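# Architecture at a glance
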Amino acid sequence: MPELSYREAVRDALATAMREDDGVFIMGEDIAEMGGSMGVTHGMLEEFGPERVRNTPISEMALAGAAIGAAMQGMRPVAEIMYEDFMTLAAEQVVNQAAKIRYMSGGQLTIPVVFRTQGGAGWSPGAQHAQQLEAWFVHIPGLKVVFASTPEDVRGLLWSSIYDDNPVVFFEHRTLYGVKGHVPEKIEPIPIGKARVHREGEDVTVIATGRLVHESLTAAEEAEKEGVSVEVVDPRTLQPLDEETLVASVKKTNRAVVAHEAVTRMGFGAEVAAVLQYQAFDWLDAPVERVGAKFAPLPFAPVMEQFVVPHADDVLAAIRRTVGRGN
Amino acid sequence: MAKVESKKTLPESDLRDVLREMLLIRRFEEKVEERFRAGELPGFLHVAIGQEACAVGVCRALEDGDIIASTHRAHGHTLAKGTHPNEVMAELYGKTEGCSHGYGGSMHLYDVEHGNMGANAVIGGGLPHVTGAALAFQMRGEPRVALAFFGDGATNIGTFHESLNLAQLWKVPAVFVLEDNKWAESTPESQHSPIRDLSERAKAFGMKALKCDGQDVEAVYKTTRQALEHARSGKGPVFVHLDCVRMHGHYIGDPQVYRDKEEARKLAETRDPITLLRQKLAVSDEELNELDTEVTEIVEAAVEFAKNGTDPAPEDALKNVYA
């Protein structure tokens, strides 16, 4: 099996789809000559030309909306919104338009568009370049929401998102672009709505997304040394959510921790906790623990940023708390 | 090209049909007001009484395959683009026979088969879709044009500026039709825009701008044909500025406390597009009555059709969320 970085895996999904299908094209700020602010689309201009690797002005409303319009006419555009923070500028088009056009038209139209975006702390960009806003979009009926954490997943899920007939908000994590992993020789589509069990365990289930999947795997290894067996599950798609896999895991381990980098309050983990308490109430031996960012904008100074967002230690502490509750 | 040349102006036989269509839209809108006041129509509605020449003149100029995006004031555009009055009325009654099957309502009229990509309840919301649809036509080499309707109020919102900028930058086959009725809801243009000639905004993007009297349906048609020809030939998008009159309030029931009653009355008297066309064609009272009877029957039949329509099952609300 070949090894790809997360960045290369995203690029491979885009390029392969564009080679096979004239209807697929990408558009966004600085994606052509510069290859994207994260280098994801590096080299694609040379292969596909400026028509299909389309640089846009700094104009999120129009770029998101034009992608929607092209999708309404049967194209499969992938719009890159440079930072998740800038999804707030595109939000009117994503939330009021893309998510609802099929519905408002009584099923006449499909909007096969992907909004690729990225965020994540750990490099001190301050408050406007690293937010994790996935919960905003999970709240909107009509959108699908994906957040992949490994090269294999990001490639297979992006492929499925491009070929899904619904608008998909596709979250990537900035600090994962360099992470390497083995991927199948040929792209294997990963169904949207299917969680992945990264590590099997008996005592606690950690349900984590994005960077926190990796932090949770580290925490699980530490816990193992303390005699606690941890299962780590990544939902991978937040909408639709694979409740079955999450609930089955918690029914097995009887304890759950949810972990994400986004702010804890009203975060995606709150919904997961609600699902678990309702569907696995009689199996739970302890309250569902939540790990996420503290309730503050992201600060600039590295020591403060480190303090606000969660790390493996925070997951480990949550594992210990839940085990410490006894049966 | 021969076809395009021959369609630069409307022959008189067509103009009589144009008069009929404008009258149909007028009677339809009046009936909507009446049925809303009678408490039969849910939600809230905006009629475009006074702006019939814009809807009919523009839509007549389009070719098969061209598409439109409309606004919250969408009944006229939708009818002019070919949706049957029964289907528009049924939508206003929230019936499954409606053009959006009861999911949309007055501000979300869709009819994809007839090239109507949707009314929009967010001001300027449909403008980037028109740029994007035109981009799709350009990329696929299709000789189609995407056309957006919007009002003067929309020229202040970000999507307007971003969409026109992008459209001109990429020279996509789009036409942006400003129906300048001088009111953004209750706010007069003098309070919402620092300039008096809003086509200056298009010129700022380097976009070709055409202007005409939006109450003169022939002028609207001719100007739109010119714009479409330019856009279709690959020369880039065109801004069409229609100077028009909203004869009624922003919404049905709007007491229009913000508006000079005498001035509004005068406008209705002197600038009604239906009266203007009728005078131009020298249509007799008898002929007009005949037309009126005919279209009134169509509108009455639409109300009957809508009232006898099927209510969606409540749980149908969970369909069409995803494809």
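Residues numbered from 1 in each chain as written. Chains lettered and ligands numbered in written order. Predicted model: local features only at pLDDT ≥ 70, side-chain atom pairs only at ≥ 80, totals over all residues.

## Concerning the overall build of chain A
Of regular secondary structure, chain A possesses 11 helices and 14 strands. The principal-axis extents of the C-alpha atoms in chain A amount to approximately 60 × 45 × 40 Å. By the burial criterion, 57% of the 327 residues in chain A qualify as buried. Long-range contacts, defined as pairs at least 24 residues apart, comprise 79% of the intrachain contacts of chain A with a sequence gap of at least 6. (Helix = DSSP H or I, 4+ residues; strand = E, 2+ residues; numbered from the N terminus. Buried ≥ 20, exposed ≤ 12 C-beta atoms within 10 Å, placed from the backbone. Contact = placed C-beta atoms within 7 Å.)

## Describing the overall build of chain B
Per the secondary structure count, chain B includes 13 helices and 7 strands. Relative to the compact-globule value of 20 Å for 323 residues, chain B shows a C-alpha radius of gyration of 19 Å, a close match. Its C-alpha atoms give chain B principal-axis dimensions of roughly 50 × 50 × 45 Å. When each of the 323 residues of chain B is scored for burial, the buried share is 52%. Of all intrachain contacts in chain B linking residues separated by at least 6 positions in sequence, the fraction that spans at least 24 positions is 76%. (Rg over C-alpha atoms; globule rule 2.2 N^0.38 Å.)

## Remarks on the domain arrangement of chain A
Residues and elements named next belong to chain A. Here chain A is partitioned into domain 1 (3–182) and domain 2 (196–324). Distance between the C-alpha centres of domain 1 and domain 2: 26 Å. Taken together, the contact pairs 23 residues of domain 1 with 24 residues of domain 2. Secondary-structure elements contributing two or more residues to the side of domain 1 that touches domain 2 are helix H5 (134–138), strand S6 (144–147) and helix H6 (151–162). Looking at which element gives the most residues to the side of domain 1 that touches domain 2, the answer is S6, with 4 residues. (Domains from an automatic or database assignment.)

## Description of the interface of chain B and chain A
In this complex, chain B contributes 32 residues to the contact, which on the side of chain A involves 34 residues. Secondary structure elements with two or more residues in the side of chain B that touches chain A: helix H6 (127–140) and helix H7 (158–170) of chain B. Here the element with the most residues in the side of chain B that touches chain A is H6(B); it accounts for 9 residues. Residues of the side of chain B that touches chain A, tallied by class, amount to 16 nonpolar, 15 polar and 1 charged. (Nonpolar A, V, L, I, M, F, W, Y, C, P; charged D, E, K, R; others polar.)

## Notes on the confidence of the model for chain B
All names here are of chain B. In the predicted model, chain B carries a mean pLDDT of 96, and 98% of its residues have values of at least 70. Confidence over residues 1–5 falls short of pLDDT 50; this stretch has 1 contact with residues more than four positions distant or in other chains. Confidence estimates for the predicted assembly give a pTM of 0.96 and an ipTM of 0.96. (pLDDT = per-residue confidence, 0-100.)

## Details of the nonpolar core
Core analysis: the biggest nonpolar cluster contains 197 residues, and Val206(A), Ile319(A) and Val175(B) have the highest contact counts within it. Per element, the largest residue contribution to this core is 10 residues, and it comes from helix H3 (residues 60–72) of chain A. Discounting chain neighbours no more than four positions away, the residues touching Val175(B) are Val145(B), Leu147(B), Ala227(B), Leu228(B), Ala231(B), Pro237(B), Val238(B) and Val240(B). (Core = buried A, V, L, I, M, F, W, Y, C linked by C-beta atoms within 7 Å.)

## Re helix H7 (residues 211–225) of chain A
All names here are of chain A. The end-to-end C-alpha separation of H7 is 22 Å, in line with the 21 Å expected for 15 residues at 1.5 Å each. Of the residues making up H7, those classed as buried are Arg211, Leu212, Val213, His214, Glu215, Ser216, Ala219, Ala220 and Ala223. Packing partners of the buried residues in H7 comprise strand S7 (168–173), strand S9 (196–199), strand S10 (204–208), strand S11 (230–234), strand S13 (256–263) and helix H11 (312–324). Once H7 ends, the next one or two residues include Gly227, with phi positive near 85 degrees. (Expected span 1.5 Å × (residues − 1).)

## Some details on the pairing of strand S2 (residues 24–28) of chain A
Residues and elements named next belong to chain A. Counting buried positions over the 5 residues of S2 gives 5, a clear majority of the element. Of the two faces of S2, the one holding Val24, Ile26 and Gly28 and the one holding Phe25 and Met27 are both buried throughout. Taken together, the 5 bridges between S2 and strand S4 (residues 76–81) define a ladder with parallel strand orientation. Note on S4: the bridge partner recorded for Phe25 is Pro77. Sheet analysis places S2 next to strand S3 (residues 53–55), joined by 3 bridges and oriented parallel. Looking at S3, one finds that Met27 is bridged to Arg54. (Pairing = 2+ DSSP bridges.)

## Overview of the sheet that holds S10(A)
Residue and element names in this part refer to chain A. Reading across the sheet, the 5 strands line up as S9-S11-S10-S13-S14 and stay open at both edges, with mixed pairing between neighbours. Unpaired on one side and paired on the other, S9 and strand S14 (289–293) mark the two borders of the sheet. When strand polarity is set aside, the average angle formed by the axes of neighbouring strands in this sheet is 25 degrees. Lying on the sheet, H7 is in contact with S9, S10, S11 and S13; it crosses S11 at an angle near 175 degrees. (Axes fitted to C-alpha atoms, helices over the stretch in contact; angles between N-to-C directions.)

## Focus on the packing of helix H8 (residues 243–253) of chain A against helix H9 (residues 268–279) of chain A
Residues and elements named next belong to chain A. In the contact formed by H8 and H9, the axes pass within 10 Å of each other and the chain directions differ by 60 degrees. Regarding the angle of H8 to H9, the classification is oblique. At the point where H8 passes H9, the crossing takes the right-handed sense. Contact residues: Glu243, Leu246, Val247 and Val250 in H8; Val272, Val275, Leu276 and Gln279 in H9. Partitioned by chemical class, the residues of the contact of H8 with H9 number 6 nonpolar, 1 polar and 1 charged. (Parallel < 35°, antiparallel > 145°, perpendicular 65-115°, else oblique. Left-handed = near helix turned anticlockwise from the far one by under 90°.)

## Focus on the environment of Gly269(A)
Residue and element names in this part refer to chain A. Within the secondary structure layout, Gly269 lies in helix H9. When the C-alpha atoms of Gly269 and Thr209 are compared, they prove to be 9.4 Å apart, with 60 residues separating the residues in sequence. Filtering out sequence-adjacent residues up to four positions away, Gly269 remains in contact with Val258, His260, Thr264, Arg290 and Gly292.

## Section: unusual backbone geometry
Of note, the amide linkage connecting Gln239(A) to Pro240(A) takes the cis form, showing an omega dihedral of 0 degrees. Of note, the phi angle at Lys182(B) is positive, near 75 degrees, even though the residue is not glycine. Mapped onto the elements of the fold, Lys182(B) is located in the loop between strand S3 (174–180) and strand S4 (183–184). Classification of Lys182(B) by C-beta neighbours within 10 Å gives partly exposed; the count is 19. The backbone phi angle of Ala282(B) is positive, close to 55 degrees, even though this residue is not glycine. Along the chain, the position of Ala282(B) falls in the loop between helix H12 (273–281) and helix H13 (285–307). The exposure class assigned to Ala282(B) is exposed, which follows from the 7 C-beta atoms found within 10 Å.

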